[in-house]
Amino acid sequence: MLIDSHAHLDSPRYAEDREALLHRAWQAGVRTILSIGIGEGPDTMHQALDLSRQFKNHPEIPKIFASAGIHPHEAQLADEEAYTKLDQLLSEPEVIACGEIGLDYFYDHSPRNIQKTVFRRQMEIAASHKQPIIIHCRPSDNSTNAWDDTLDLLEEAWKPTGLGGILHCFTGEWHHARRALDAGFLISFAGNITFPKAQPIRDTAELVPLDSILVETDAPFLAPVPNRGKRNEPAFVREVAAKLAEIRQIDPEAVASRTTENFHRFFRTAPQPEKRSN
Ligand SMILES: [Zn+2]
Ligand SMILES: [Zn+2]
């Protein structure tokens, strides 16, 4: 049984076949998906929650939890209305995290000082709801600038809350992971762990303690080999788990069960029952 800890199920790219792909995920052994609620910007960050409700208790569809947050790309769209909306969403029972939030110095779609301000403000809102945070971090090419800033901010403003979080689609180095682990974070690996040039990510994946690892797709982005370049979907989280198993030289089943346990322990959610018992 697998958990996809990060998927954008509300992507318009799933408009035609969302239910079918959720069913494919079920058939691939995925029982839980965390649907990331950043929408296309603050106006649509409720969409992940809507999907969680729409597919509630559907047979042979994974359990869907939701998050809500303002992605660093859209930081400059964050206004008081957006913060109020985030505050409301974080009080809904299906919403179990604030994210993805953080810093992206690769695209710089929003100015860096605004990204930092919006990141901080969202940490405050998440803390007021006692919700963990999901971090997006991408530095400039050949730099660790966004990692350095993100980890500094987390240590200063987030670690004292003790609420922890997830570093999603981890691409940093081991010393970045180490700092995040010390601040109460889980490290989530995505499809890029399968890419031929991603040896540095695999090197880190070898070192992160097994009780601090999650797997994700970041669907519809970053499809793992052998579907690289195509639209990604939660069923493909199996390829991420298989690569992790190869790196750690353990059984794929062990990766599945450990990452599933980690998710439920961290979020205090209940595993999905396989069958109804009589
Ligand atoms: Zn991201
Ligand atoms: Zn994402």
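Provided above is the structure to which this section pertains.
So, here is what we can say about the structure in this document.

Here is what the cut-offs are and how they apply
Residues numbered from 1 in each chain as written. Chains lettered and ligands numbered in written order. Predicted model: local features only at pLDDT ≥ 70, side-chain atom pairs only at ≥ 80, totals over all residues. Heavy atoms only, no water. Helix = DSSP H or I, 4+ residues; strand = E, 2+ residues; numbered from the N terminus. Rg over C-alpha atoms; globule rule 2.2 N^0.38 Å. Contact = heavy atoms within 4.5 Å. Lys, Arg positive; Asp, Glu negative; His and termini not counted. Charge placed at Lys NZ, Arg CZ, Asp CG, Glu CD. Donors = N, O, S within 2.8 Å, 3.2 Å for Na, K, Ca; no water. Buried < 20%, exposed > 50% of the residue type's maximum accessible area, 1.4 Å probe, protein only. Pairing = 2+ DSSP bridges. Axes fitted to C-alpha atoms, helices over the stretch in contact; angles between N-to-C directions.

### Considerations on the overall build of the protein
Secondary structure assignment for the protein yields nine helices and eight strands. For the protein, the C-alpha radius of gyration of 17 Å lies close to 19 Å, the compact-globule estimate for 278 residues. Based on the C-alpha atoms only, the size of the protein along its principal axes is roughly 50 × 40 × 35 Å. Taking the contacts inside the protein whose residues are at least 6 apart along the sequence as the reference set, 75% of them involve residues at least 24 apart. In the protein, 30 positive and 40 negative side-chain charges are present, and the distance between their average locations comes to 4 Å.

### Let's talk about the coordination of the zinc ion (ligand 1)
Distances from the zinc ion (ligand 1) to its protein donors, namely E100 (OE), H136 (ND1) and H168 (NE2), fall within the range 2.0 to 2.1 Å. Binding-site remark: the zinc ion (ligand 1) is held by donors from one chain whose sequence spacing is E-x35-H-x31-H. Separating the zinc ion (ligand 1) from the zinc ion (ligand 2) is a distance of 3.5 Å, and E100 supplies a donor atom to each of them. In this pair, E100 sits in strand β4 (residues 95–104) while H168 sits in the loop between β6 (165–167) and α6 (174–182), placing the two residues 68 residues apart along the sequence. Taken individually, E100 and H168 each receive the classification buried, so the pair is uniform in this respect.

### Topic: the sheet that holds strand β3 (residues 63–68)
Reading across the sheet, the eight strands line up as β1-β2-β3-β4-β5-β6-β7-β8 and stay open at both edges, with parallel pairing between neighbours. What marks the edges here is a single partner per strand, and that holds for β1 (2–7) and β8 (213–215). Averaged over all adjacent pairs, the angle separating strand axes in this sheet is 30 degrees, with direction ignored. Along the sheet face, helix α4 (residues 112–128) touches β4 and β5 (133–138) and points at about 160 degrees away from the line of β4. Relative to strand β7 (residues 185–189), α6 is tilted by about 140 degrees, and along the sheet it contacts β6 and β7.

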